[in-house]
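Okay, here's what each chain looks like letter by letter:
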Amino acid sequence: MKPNIAAATGGQKEPGRSSETLGPNSEIGRKLKQYYDDLVSDEVPDRFANLLKQLEESENSGATPAGGGR
């Protein structure tokens, strides 16, 4: 017979099982996750995408990017 974990811990769930066990930090964690999700879903600005494309092309051609001297 398996022991009842909730009974063994005084009716509390195991740590890490839900956001309720985080106490006051659960709201902070929820907000950080929401911020991260919003940030990840944002599109890359055209200017930045063009700069990345130029960098990739210069690396593929073997040229040293401007300001990238060694």
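Predicted model only: the values in this text are computed from it and were never measured.

## As for the overall build of the chain
- Of the regular secondary structure elements, the chain holds three helices and zero strands.
- When the helices and strands of the chain are placed in sequence order, the string is α-α-α.
- Taken over 70 residues, the chain has a buried fraction of 1%.
- In the structure as shown, the chain presents an accessible area of about 6800 Å², 54% of it carried by carbon and sulfur atoms.

## Some words on a negative patch on the surface
- On the surface, a cluster of negative charge is made up of Asp 38, Asp 42, Glu 43 and Asp 46.
- Counting through the fold element by element, Glu 43 comes out in the loop between helix H2 (25–41) and helix H3 (46–61).

## Re H3
- The first and last C-alpha atoms of H3 sit 22 Å apart over 16 residues, in line with the 22 Å expected at 1.5 Å per residue.
- Of the residues one or two after H3, Gly 62 is the one with positive phi, at around 85°.

## With respect to the pattern of salt bridges
- Here the structure, examined in full by the defined rule, presents two salt bridges.
- With its nearest N and O atoms 2.7 Å apart, the salt bridge here joins Glu 27 to Arg 30. Here the residue Glu 27 and the residue Arg 30 both occupy positions in helix H2, the gap between them amounting to three residues, near one helical turn.
- For Arg 30, a relative accessible area of 45% gives the class partly exposed.
- When the shortest N-O distance is used, the salt bridge between Asp 37 and Lys 33 registers 3.0 Å. Of this pair, Asp 37 and Lys 33 both sit in helix H2, four residues apart, roughly one helical turn.

## Digging into the confidence of the model for the chain
- Per-residue pLDDT for the chain averages 74, and the proportion of residues at 70 or more is 57%.
- Looking across the chain, the model is least confident in helix H1 (residues 5–8), with a mean pLDDT of 49, and most confident in H3, with 92.

Conventions and cut-offs
Residues numbered from 1 in each chain as written. Predicted model: local features only at pLDDT ≥ 70, side-chain atom pairs only at ≥ 80, totals over all residues. Heavy atoms only, no water. Helix = DSSP H or I, 4+ residues; strand = E, 2+ residues; numbered from the N terminus. Buried < 20%, exposed > 50% of the residue type's maximum accessible area, 1.4 Å probe, protein only. Areas by Shrake-Rupley, 256 points an atom, 1.4 Å probe, with all protein chains shown as cover. Patch = residues over 30% accessible without salt bridge, like charges linked within 9 Å, V, L, I, M, F, W, Y side chains within 5 Å. Salt bridge = Lys/Arg side-chain N within 4 Å of Asp/Glu carboxyl O. Lys, Arg positive; Asp, Glu negative; His and termini not counted. Charge placed at Lys NZ, Arg CZ, Asp CG, Glu CD. Expected span 1.5 Å × (residues − 1). pLDDT = per-residue confidence, 0-100.

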